[in-house]
Amino acid sequence: LSQLPGWSVGPDGSIVIAMGNDDALGLYRCTPYNSYGTAGESRPTRVLLKDPPAFTVRPKEEYFQEVGRELVIPCVAHGDPPPTITWVKVGSVGKSSAQVDGNSSLILQPLIKEQHGVWECTATNQVASVTTATSVHVLGTSPHAVTNVSVLPLLLAANISWEPGFDGGYFQRFSVWYTPLTRYPPRAHHDWVSLSVPAGAQPLLVENLQPDTSYQFSVLAQNKLGSGPFSQIVTSVPRGEGQLPKTHPPPKNSPPAMTVHVFLSPPQALTANETSRGVLLRWDPPARASVALSGYALELRQDKGGWEVLERSIPATDTQVLVPGLIKVRFGVAQGSVAAVALRGSRFCVAQDAFYEFRLVAFAGSYISDPSNTVNVSTAGMEVYPSRTQLPELLPQPVLAGVIGGICFLSVAVIFSTTAACIMNRRRAARIRKRRQGTARGTAR
């Protein structure tokens, strides 16, 4: 062994090879011995050299492609034994819709907005695993959600900052939405106050806020193709002016004043299951609630649009609610039908075969929690239609009565006019026949 550079024998009798090469290939036997001799050689062992994976073709650092088109990203590696190539999108949840061809290239066809982001190619064999990454930029879409929204409470104001998401290939602008917390949740962002952010004016100062009042803030990005999703909601309390009101001194021996801090975490583990009666939503109560829970509110949005309050009075003791179905309602209009969501007598009309998201918020008195996790439901493939007409739900009753009355009057007028015209035509035809008969008789004479 002394003649082989980098070879040595360890204290336990093992052979240490600093650098594996072709010299290390072959059969090895170990013979233990002492002053009394040896019991013989060990069984032979064979040393084989295997190569870890190495990339021969790496993807580029970035790819830019229009939405709806095809994007092929190559990734080739070799090794001994030959490695297996896998692709995964960083931060994705669930199975990706991407495909891999026979050359281990990633195929995105058609390219969709959700495939924007960082993709990793990993080559694995029995020796090791190696990974390389690339960024995919999907052009021609609405903006992506902003991240890392931060709220700095100030005197009767708040300073809002954020990190922009990808702009979809177009210039994007931002707006800050905020609302004070109330006893019952408002209709998502529709009742919030919005402030347009001038170009380059980040962070944005929101002024004229009420002191010692909890506010919720969210940031929305927009470009020429539409609005992206709202950012995560951040709750903050602006500082007051610090002026103490004039009060009478407390009586002697009275207990000291105490500051109560309210903690209300969001509902947990929201899940959705499709049943024969509709979509059943289940959840776990908030993990932290320093005050008695008043109830829950269920929110819904369609195709990444604005959130709508579907039910605002779910009892605090409930941990499930049934949405009686995403049903398609056919009206006699162009291009088919629309779908409706009904819950406890309320109805919210949305588009056909759409993608829906549900989430819950908990409220306790005047405090509202952050939203729970969202669950996704799609109406694709549903062929359930109500047996009764939906016309009374489209128009108010007075308007509906006027429309029906006008249609009836118009029908009667048309029938009367047609009947009168028929009678007049018959009388005219009779007079013409009489004249012709009188003329024929005079000629015969």
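Residues numbered from 1 in each chain as written. Predicted model: local features only at pLDDT ≥ 70, side-chain atom pairs only at ≥ 80, totals over all residues. Heavy atoms only, no water.

Under an unreviewed UniProt entry, the chain has the name TUTLA protein and belongs to Drymodes brunneopygia.

K.L.:
Before we go on, may I ask you to explain the state of the cysteines in this structure?
P.N.:
By definition, a disulfide links the sulfur atoms of two cysteines through a covalent bond. Across all of its chains, the model carries one disulfide by this definition. Each sulfur in the disulfide pair Cys-75 and Cys-121 lies 2.0 Å from the other. With the S-S bond torsion at -90°, the cross-link from Cys-75 to Cys-121 turns out left-handed. Here Cys-121 lies in strand β12 (residues 117-124) and Cys-75 lies in the loop between β7 (71-73) and β8 (76-80), a separation of 46 residues in the sequence. (Disulfide = S-S within 2.5 Å. Helix = DSSP H or I, 4+ residues; strand = E, 2+ residues; numbered from the N terminus.)

K.L.:
Could you clarify how one ought to interpret the packing of aromatic side chains in this entry?
P.N.:
We describe a pair of aromatic rings using the distance from one ring centre to the other and the angle between the two ring planes. Within this structure, the stated rule accounts for seven aromatic pairs. Note on Trp-177 and Phe-230: the rings are 5.3 Å apart at their centroids and 85° apart in plane angle, and the pair reads as edge-to-face. Linking Trp-177 in strand β16 (residues 173-180) with Phe-230 in the loop between β20 (226-227) and β21 (234-236), this pair joins segments that are 53 residues apart in sequence. The exposure class of Trp-177 is buried, given its relative accessible area of 16%. Here Trp-283 and Tyr-296 contribute two aromatic rings whose centre-to-centre distance is 5.3 Å and whose plane-to-plane angle is 70°, an arrangement assigned as edge-to-face. Highlighted residues: Trp-283 in strand β23 (residues 278-284) and Tyr-296 in strand β24 (residues 295-302), separated in sequence by 13 residues. (Phe/Tyr/Trp six-rings, centres within 6.5 Å; stacked < 30°, edge-to-face > 60°. Buried < 20%, exposed > 50% of the residue type's maximum accessible area, 1.4 Å probe, protein only.)

K.L.:
For this particular structure, what's the right way to read the sheet that holds strand β14 (residues 147-154)?
P.N.:
Two strands in a sheet stick together by hydrogen bonds in their backbones, pointing the same way (parallel) or opposite ways (antiparallel). Strand order in the open sheet formed by three strands is β14-β15-β18, with antiparallel pairing between adjacent strands. Sheet topology places β14 and β18 (204-206) at the edges, where each strand pairs with a single neighbour. Taking each pair of neighbouring strands and ignoring which way they run, the sheet shows an average axis angle of 25°. Pairing geometry for strand β15 (residues 157-163) and β18, over three bridges, is antiparallel. (Pairing = 2+ DSSP bridges. Axes fitted to C-alpha atoms, helices over the stretch in contact; angles between N-to-C directions.)

K.L.:
Please clarify how the environment of Ile-85 should be interpreted in this entry.
P.N.:
In this fold, Ile-85 is placed in strand β9 (residues 84-89). Along the primary structure Ile-85 and Thr-131 are separated by 46 residues, whereas in three dimensions their C-alpha atoms are 9.6 Å apart. Once residues lying within four places of it in the same chain are set aside, the contact partners of Ile-85 are Cys-75, Ala-77, Ser-104, Cys-121, Thr-122 and Ala-123. (Contact = heavy atoms within 4.5 Å.)

K.L.:
Help me out: how do you make sense of the pattern of salt bridges in this one?
P.N.:
Side chains that differ in charge, positive against negative, can pair when their charged atoms come close. Here the structure, examined in full by the defined rule, presents three salt bridges. Close ionic contact of Arg-29 with Glu-41 constitutes a salt bridge, the shortest N to O distance being 3.7 Å. Of this pair, Arg-29 sits in the loop between β3 (26-28) and β4 (45-47) while Glu-41 is found in the loop between β3 and β4, placing the two residues 12 residues apart along the sequence. Asp-80 is paired through a salt bridge with Lys-50; the nearest N and O atoms lie 3.9 Å apart. (Salt bridge = Lys/Arg side-chain N within 4 Å of Asp/Glu carboxyl O.)

K.L.:
How do you make sense of the pairing of β14 when you look at a structure like this?
P.N.:
Consecutive residues of a regular strand have side chains that alternate between opposite faces of the sheet. Bridge analysis of β14 against β15 gives six bridges, and the strand direction is antiparallel. Across the sheet, the residue bridging to Pro-153 is Ala-158, located in β15. Taking the residues that link successive antiparallel strands as the turn, the β14-β15 hairpin has two residues, and the phi of Leu-156 there is positive, at about 55°.

K.L.:
Is there a simple way to explain a nonpolar patch on the surface in this structure?
P.N.:
A contiguous nonpolar patch, built from Val-9, Ile-15 and Ile-17 and spanning about 230 Å² of accessible area, is present on the exposed surface. In this structure, Ile-17 sits in strand β2 (residues 15-17). Here Ile-17 falls in the partly exposed class, since its relative accessible area comes to 30%. (Patch = residues over 30% accessible without salt bridge, like charges linked within 9 Å, V, L, I, M, F, W, Y side chains within 5 Å. Areas by Shrake-Rupley, 256 points an atom, 1.4 Å probe, with all protein chains shown as cover.)

K.L.:
How do you make sense of the sheet that holds strand β6 (residues 62-66) when you look at a structure like this?
P.N.:
With mixed pairing, the four strands of this open sheet are ordered in space as β6-β13-β12-β9. Both outer strands of the open sheet, β6 and β9, are each paired with one neighbouring strand and no more. Adjacent strand axes in the sheet meet at a mean angle of 25° when their direction is disregarded. Bridge count between β12 and strand β13 (residues 129-139): eight bridges; the pairing is antiparallel. Within β13, the position partnered with Cys-121 by the bridge is Thr-132.

K.L.:
Mind showing me how you'd approach unusual backbone geometry here?
P.N.:
Backbone phi values are negative for most residues with the exception of glycine, while trans is the configuration of most peptide bonds. Here the amide bond leading from Asp-80 into Pro-81 is cis, since omega sits at 5°, within 30 degrees of zero. Tracing the backbone through its elements, the reader meets Pro-81 in the loop between β8 and β9. With omega at -10°, the peptide bond leading from Gln-109 into Pro-110 counts as cis. With respect to the element layout, Pro-110 can be found in the loop between β11 (106-108) and β12.

K.L.:
Teacher, can you tell me more about the environment of Asp-12 here?
P.N.:
Among the structural elements, Asp-12 can be located in the loop between β1 (7-9) and β2. We classify Asp-12 as exposed; its relative accessible area is 66%. Within the structure, the side chain of Asp-12 is placed 2.8 Å from the side chain of Ser-14, a separation counted as a polar contact. (Polar contact = N/O pair within 3.5 Å; in protein donor to acceptor, adjacent residues only side chain to side chain.)

K.L.:
I would appreciate a short explanation of a positive patch on the surface in the present structure.
P.N.:
Positive charge collects at one region of the surface, where Arg-427, Arg-428, Arg-431 and Arg-435 lie side by side. Tracing the chain through its elements places Arg-427 in helix α2 (residues 397-444). (Lys, Arg positive; Asp, Glu negative; His and termini not counted. Charge placed at Lys NZ, Arg CZ, Asp CG, Glu CD.)

K.L.:
Would you mind going over the environment of Ala-157 with me for this structure?
P.N.:
Along the chain, the position of Ala-157 falls in strand β15. Look past the residues within four positions of Ala-157 in its chain and what remains in contact with it is Leu-152, Leu-205, Val-206, Glu-207, Leu-209 and Pro-238.

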